[in-house]
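Okay, here's what each chain looks like letter by letter:
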Amino acid sequence: MYQIPRGTRDFLPEQAERFRRLEEIAVALACQYGYGELRTPIFEHSELFARSVGESTDIVEKEMYTFQDRGERSLTLRPEGTAGVVRAFVENKLYGGSLPAKYYYFGPMFRYEKPQAGRYRQLWQFGVELFGSEAPRADVEVIALGWQYFQELGVKANLVINSIGCRQCRGEYKKALVAYLTGRNICELCSNRLERNPLRVLDCKEESCQKELEEAPRISQYLCPQCQEHFQKVKAGLSDISIPFTQDERLVRGLDYYNRTTFEYKTNELGSQDALGGGGRYDDLVELVGGPAVPAVGLALGIDRTELMDPPALKKAPGRRGVWLVTMEPVSDQAIALVHPLRQQGVHLGYDLAGRSFKAQFKQADRNNCRWTLIIGPDDLAQGQAVLRDMDTGEQRQLALESLVEMVSNLEGVK
RNA sequence: GUGGGUGUAGCUCAGUUGGUUAGAGCACCAGAUUGUGGCUCUGGGGGCCGGGGGUUCAAAUCCCCUCACUCACCCCA
């Protein structure tokens, strides 16, 4: 027997519908905020991700699905959405149009990781990217959009924000941090990080490392005046629109392209998979990918994890809907032909395909949660009538066959 | 990638110190009711006991390998 590849999943109808609604709500929200959809391929040249996400990140070092095609190009299934959108932004010279330019995407991403609940090798993200504004209120808008998504769904998320400075002041800070940590009691992993990506020592969970970090220099002390002002305005902007947040100086995101604002939406209900979404500003990325210097800010939300939170907004109203035909040989085909036009009227119509007993057909009607059954057996047909039964109340009445389609398609709860 | 836990019917799970045809509840199908769902009762179909190998007269049970899920680490969505 074949098994689904590790870390991937099938979405059976009920769950697929939940996912579809999560997408619809996200798309409606993005439209409301003035974002247009930008669809990019599911794979890109490997180099794009290596350059933009960062050579020394976990994603690039060990999580990419990379393959060679028949033309011996190295391609990679996208591990995140921003790189492709930035590539498209540059390649299509979208920076030449009016700015800011705002795009959203929704789709699967791929990361080769050891799976766990809430951590998959094929995962879905919804994201937005805002190009061409350096203004703190652009950061605030993006953060607010994500916040509103969780609010609309009724999902409890905690917003955590930080500023990791710009190229200049982060450089200063890195130097200071390395100088401070060198020779101190930190774990082996962090010793390696110290050389390649020192900021990541900050969110190490190793007790010894955290202890050493207590007295370590803080990024806030190193932010240049411009970065400081930017961060203050972001925080003020969030407060102005009543979005609560906490500041965490150890929030360092695992992608290299971020600068200044970084943020995450966290939960404490999913074990160690606590990030529902996150994002930040990436003012240098467009240039890095070959475009002009265009500042940008964006976010990505994890749809799989959001669904795991069992959003109250996805609860279905339980009411019955639609019509079930109950009939019997030798007139079944005639009965079906009589009611089929209901489908063209948009009525939810079902009937037995297996030649089951009368009783069994009512059972199916019940199980399919139908509001009405329409009974058309040999006797009814002979009298030119059908029997309509209300499955909620059990009441029945007769209908003339000539007016059946019109009568039934105007009933309550059939569409 | 490292370490732990768990895999028995569609689902949730029993299964004794290894012992003969592997069970229950729910779900499914049928009958009780030859034109009426939900409730009840009766019956029925369904299992390479995750897969492979080994020990043994005998393995769901013990051992090894492997696959999957899961928890923690790691990382993030």
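Definitions and limits used
Residues numbered from 1 in each chain as written. Chains lettered and ligands numbered in written order. Predicted model: local features only at pLDDT ≥ 70, side-chain atom pairs only at ≥ 80, totals over all residues. Heavy atoms only, no water. Axes fitted to C-alpha atoms, helices over the stretch in contact; angles between N-to-C directions. Helix = DSSP H or I, 4+ residues; strand = E, 2+ residues; numbered from the N terminus. Parallel < 35°, antiparallel > 145°, perpendicular 65-115°, else oblique. Left-handed = near helix turned anticlockwise from the far one by under 90°. Contact = heavy atoms within 4.5 Å. Nonpolar A, V, L, I, M, F, W, Y, C, P; charged D, E, K, R; others polar. Pairing = 2+ DSSP bridges. Phe/Tyr/Trp six-rings, centres within 6.5 Å; stacked < 30°, edge-to-face > 60°. Buried < 20%, exposed > 50% of the residue type's maximum accessible area, 1.4 Å probe, protein only. Lys NZ or Arg CZ within 6 Å of the ring centre and 35° of its normal. Near = heavy atom within 4 Å. Polar contact = N/O pair within 3.5 Å; in protein donor to acceptor, adjacent residues only side chain to side chain.

Draft legend 1. Spatial organisation of the packing of helix α5 (residues 136-153) against helix α10 (residues 225-240). For the pair α5 and α10, interaxial distance at closest approach is 8 Å and the crossing angle is 45 degrees. By the criterion of interaxial angle, the relationship of α5 to α10 is oblique. Crossing of α5 against α10: the hand is right-handed. Side by side, α5 and α10 meet where Pro 136, Asp 139, Val 140 and Ile 143 of the first sit next to His 230, Lys 233, Val 234, Gly 237 and Leu 238 of the second. Across the contact of α5 with α10, the residue classes tally to 5 nonpolar, 2 polar and 2 charged.

Draft legend 2. How the structure looks around the sheet that holds strand β14 (residues 372-376). The 5 strands are arranged β13-β12-β14-β15-β16 in an open sheet whose pairing can be described as mixed. Both edges of this open sheet fall to β13 (349-351) and β16 (396-400), since each of them pairs with a single strand only. Geometrically, the sheet is characterised by an average inter-axis angle of 30 degrees between neighbouring strands, direction not taken into account. Here helix α13 (residues 332-339) sits on the sheet and contacts β12 (323-327), β13 and β14; the angle it forms with β12, its principal contact strand, is near 155 degrees.

Draft legend 3. Spatial organisation of the packing of aromatic side chains. Under the definition given, this model contains 19 aromatic pairs. Arranged with centres 5.8 Å apart and planes meeting at 90 degrees, the rings of Phe 19 and Trp 124 form a pair that is edge-to-face. Taken together, the residues Phe 19 in helix α1 (residues 13-32) and Trp 124 in strand β6 (residues 122-131) connect sequence positions 105 residues apart. Judged on exposure class, the residue Phe 19 and its partner Trp 124 are both buried. Joined through ring pairs, the aromatic side chains of Phe 89, Tyr 95, Tyr 103, Phe 131, Tyr 257, Tyr 258 and Tyr 282 make up one cluster. Positioned over the ring face of Tyr 112 is Arg 121, at 3.9 Å from the centre of the ring. Taking NZ or CZ as reference, Arg 371 lies 4.6 Å from the ring centre of Trp 372, over its face.

Draft legend 4. Structural context of the protein's contact with RNA strand B. Residues in close proximity to RNA strand B total 49 residues, the closest being Arg 193, Arg 253, Gly 254, Asp 274 and Ala 275. Glu 113 places a polar side-chain atom, nitrogen or oxygen, 2.9 Å from a base nitrogen of RNA strand B. Those elements giving two or more residues to the surface near RNA strand B turn out to be β6, α7 (188-196), β10 (275-281), α15 (358-367) and α16 (378-383). Broken down by element, the residue count for the surface near RNA strand B peaks at 7 residues, all from α15. The class makeup of the residues in the surface near RNA strand B is 13 nonpolar, 14 polar and 22 charged.

Draft legend 5. Examining the side chain of Glu 44 more closely. With respect to the helices, strands and loops of the structure, Glu 44 is situated in strand β2 (residues 43-45). Reaching out from Glu 44, the side chain makes a polar contact with the side chain of Arg 87 at a distance of 2.5 Å.

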